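# Close look at the chain arrangement
Given next are the chains, with one letter for each unit.
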Amino acid sequence: MSNLPSGLRKGLEQDALFSRLKLEQRQVSVDGTVKYAWRLRDGSVVESVLIPEKSHNTLCISTQVGCRMGCRFCLTARMGYRRDLAPDEIALQALHVIEELGDRRRVRNLVFMGMGEPLDNYTNVVKSIWILTDPLGLDFSQRRITVSTSGIVPMISRLGMELDVGLAVSLHATTDELRSELMPINRRYPLGELIQALRSYPLSRRRRITIEYLLLSGVNDSREDAKRLVSLVRSIPVKINLIPFNPSQPIGFEPTSETGIIAFQKILTSTGLTAIIRKSKGRDISAACGQLHRELAARSESVEQSALSLQPQG
Ligand code: SAH
Ligand code: SF4
């Protein structure tokens, strides 16, 4: 860019980041799901998953290398926590997939449901959303973006005040005792506080909060669980996504049977709640929920990060 005035070049060098992620691996599932592994500038790797649906695609992106929430059923938790992704590292996952598809409109929904806890990396996640939604950037509508959280209560309230994105909450249990066992974050922010935060989440144009409920055989899938779930969310506009457990490595849980899932769903829907059974996609390439996991062996010497900052020519 030596045609630019040197003052502007200096300013750009100071203020702007020109970065790309290196595509480490691209795997395609028998069901068409695509998993991308990106190598970051410090050598660590995160994954994104493109999920084709009938009329559109959904892209699931990562926000941290690993995760520190320690949920017992989740493979990402097994990695431990390494670091937060920077805003560009989050937004670039979407940009690169769109480049591959050739058209921004081919990604309709963007979900922050990959590796990591988005609200544990709040500032960078919000910055990445500004980049993704800027009319001069990728021009995504905030309404097509959903942030999924394990329940970091103060950050849920802040997100609601600052943005107009969709919210998904991983509930997975209906008593504090079980939820604290499955999801240690519940010890800090128990169910009562979480439900209260959802109740006061501003929902003007968003209409409904998504409640994710992972079904674990013999753990949280009884009739009583279903009934408690109904009474917990009764006063909140929600839709419930029932997620079949995706086993990958021995992790100590079994999936609820299909008939068990349908019976659970019936109890919810019989009270007028919307409850959808989420189809598991990309299991054969370990791209399904809770299966994202990468060995952390750093290979920083092999990072082929393209220009991180512009070196002025001449
Ligand atoms: N950290 C955020 C978003 C990433 S996890 C969160 O927890 O919400 C995305 C979803 O996958 C969450 O609902 C999570 O509970 C779920 N999940 C984790 N492990 C899973 C597994 N083994 N099978 C199915 N879903 C799983
Ligand atoms: Fe982290 Fe979400 Fe996995 Fe829990 S389920 S460990 S919050 S990525």
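Our subject is the structure that appears above.
Here's a quick rundown of the structure. (Residues numbered from 1 in each chain as written. Chains lettered and ligands numbered in written order. Predicted model: local features only at pLDDT ≥ 70, side-chain atom pairs only at ≥ 80, totals over all residues. Heavy atoms only, no water.)

## Focus on the side chain of N109
For clarity, the cut-off: Runs of H or I in DSSP of at least four residues are treated as helices and runs of E of at least two as strands, each being numbered from the N terminus. Burial classification: accessible surface area is computed with a 1.4 Å probe over protein chains only, and a residue below 20% of its type maximum counts as buried, one above 50% as exposed, and the rest as partly exposed. For this analysis, a polar contact is any N or O atom pair within 3.5 Å, provided that within protein one partner can donate a hydrogen and the other can accept it, and provided that sequence-adjacent residues contribute only side-chain to side-chain pairs. The contact definition used throughout considers only heavy atoms, calling two residues in contact when any of these lie within 4.5 Å.
Relative to the assigned elements, N109 resides in strand 7 (residues 109-112). Overall, the relative accessible area of 16% leaves N109 in the buried class. A distance of 3.4 Å separates a polar atom in the side chain of N109 from a polar atom in the side chain of H56. If near-sequence neighbours (up to four positions away) are discounted, N109 is found in contact with H56, N57, T58, L59 and R144.

## Brief notes about the side chain of T33
Within the element layout of this structure, T33 appears in the loop between strand 1 (22-28) and strand 2 (34-39). Apart from the residues lying within four places of it in its own chain, the contact partners of T33 are Q27, V28, V49, L50, I51, P52, K281, G282, I285 and A287.

## What about the pattern of salt bridges?
Condition: The salt bridge criterion pairs a side-chain nitrogen of Lys or Arg with a carboxyl oxygen of Asp or Glu, the two atoms within 4 Å.
Taken as a whole, this structure holds 15 salt bridges when the rule is applied. Where E99 meets R20, a salt bridge forms, and the shortest distance between an N and an O atom there is 2.7 Å. Taken together, the residues E99 in helix 3 (residues 87-101) and R20 in the loop between helix 1 (6-15) and strand 1 connect sequence positions 79 residues apart. A residue is classified by how much of its surface remains accessible, and R20, at 37% relative accessible area, is partly exposed. Among the ionic pairs, D120 bridges to R68, the shortest N-O distance being 2.7 Å. Here the residue D120 occupies a position in the loop between strand 7 and helix 4 (122-133), and R68 occupies one in the loop between strand 5 (64-66) and helix 2 (75-78), the gap between them amounting to 52 residues. Connected via shared salt-bridge partners are R41, D42, R83, D88 and E89.

## What to know about the nonpolar core
Formally: Residues belong to a common nonpolar core when they are buried Ala, Val, Leu, Ile, Met, Phe, Trp, Tyr or Cys residues joined through side-chain atoms within 4.5 Å.
F73, I209 and I240 are the most contacted members of the largest nonpolar core, which has 93 residues in total. Broken down by element, this core gets its largest block of residues, seven residues, from helix 3. Beyond its immediate chain neighbours, meaning those up to four positions away, I240 contacts I211, Y213, L229, V233, L268, L273, T274, A275 and I276.

## With respect to the site of ligand 2
Defined as follows: Summary of the distance rule: residues count as near a molecule or strand when at least one heavy atom falls within 4 Å of that molecule or strand. Any residue outside Ala, Val, Leu, Ile, Met, Phe, Trp, Tyr, Cys, Pro, Asp, Glu, Lys and Arg is labelled polar, Gly included; the first ten of those are nonpolar and the last four are charged.
Every residue lining ligand 2 is accounted for by C67, M69, G70, C71, F73, C74, A77, G116, E117 and S150. Along the lines of polarity and charge, the residues of the shell around ligand 2 split into six nonpolar, three polar and one charged.

## Quick word on unusual backbone geometry
The phi angle at D139 is positive, at roughly 60°, despite the residue not being glycine. Structurally, D139 is set in the loop between helix 4 and strand 8 (145-149). Judged by its relative accessible area of 42%, D139 is partly exposed. For H172, which is not glycine, the phi dihedral falls at a positive 65°. Topologically, H172 is positioned in the loop between strand 9 (166-170) and helix 6 (176-182). Owing to a relative accessible area of 5%, H172 belongs among the buried residues under this scheme.

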